[in-house]
Amino acid sequence: MNDSTVTLPWLVFRQDDNGNRYRVGRYATRAEAQQIADTLDGRGHKQLYWVEKLGTAGTATAD
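Residues numbered from 1 in each chain as written. Predicted model: local features only at pLDDT ≥ 70, side-chain atom pairs only at ≥ 80, totals over all residues. Heavy atoms only, no water.

The name recorded for the protein in an unreviewed UniProt entry is SPOR domain-containing protein, from Streptomyces tendae.

Undergrad: Explain helix 1 (residues 30–41) here, please?
TA: Helical periodicity: at 3.6 residues per turn, an α-helix aligns residues three or four positions apart in one direction. Relative to the 16 Å expected for twelve residues at 1.5 Å per residue, helix 1 spans 16 Å between its end C-alpha atoms, a close match to the ideal helical length. For helix 1, every residue scored as buried is listed here: Ala33, Gln34, Ala37 and Leu40. Buried residues along helix 1 cover an arc of 130° about the axis, so they all sit on one side. Exposed side chains of helix 1 directed beyond 90 degrees from the buried face belong to Ala31 and Gln35. Lining the buried residues of helix 1 we find strand 1 (10–15), strand 2 (21–27) and strand 3 (48–53). (Helix = DSSP H or I, 4+ residues; strand = E, 2+ residues; numbered from the N terminus. Expected span 1.5 Å × (residues − 1). Buried < 20%, exposed > 50% of the residue type's maximum accessible area, 1.4 Å probe, protein only. Arc of directions from axis to C-beta. Contact = heavy atoms within 4.5 Å.)

Undergrad: Which parts of the structure should I look at to understand the pairing of strand 1?
TA: The two faces of the sheet receive side chains in turn, since in a regular strand these alternate between them. Of the pairings in the sheet, the one linking strand 1 to strand 2 comprises six bridges and is antiparallel in character. Bridging across to strand 2, Gln15 finds its partner in Arg21. Counted between consecutive antiparallel strands, the loop separating strand 1 from strand 2 contains five residues, among which Gly19 sits at a positive phi close to 85°. Pairing of strand 1 with strand 3, which is carried by six bridges, proceeds in the antiparallel orientation. Each residue of the ladder has a partner; that of Phe13, found in strand 3, is Trp50. (Pairing = 2+ DSSP bridges.)

Undergrad: Mind showing me how you'd approach the nonpolar core here?
TA: Here is a general trend for soluble globular proteins: nonpolar side chains tend to be buried in one another's company. With eight residues, the main nonpolar core is built from Trp10, Val12, Tyr27, Ala33, Ala37, Leu40, Tyr49 and Val51. When contributions to this core are tallied by element, the ones reaching two or more residues are strand 1, helix 1 and strand 3. Per-element tally for this core: the top contributor is helix 1, with three residues. For Tyr49, the contacting residues outside a window of four places in its chain are Phe13, Arg14, Val24, Ala37, Leu40 and Asp41. (Core = buried A, V, L, I, M, F, W, Y, C linked by side-chain atoms within 4.5 Å.)

Okay, structure coming up:
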């Protein structure tokens, strides 16, 4: 399997307390992405983490 055949449609984003947004990572499943977002969010920092599906940027997915 090479990189061109791997599908990673679930993205985790972070927004810091200054409003800057960054992509944290790409994941194969929503569950995997949500686990990462929840783990990062649980660290108690001021950042906001959320999951989006590739192609739906700007609209956070609901649980």
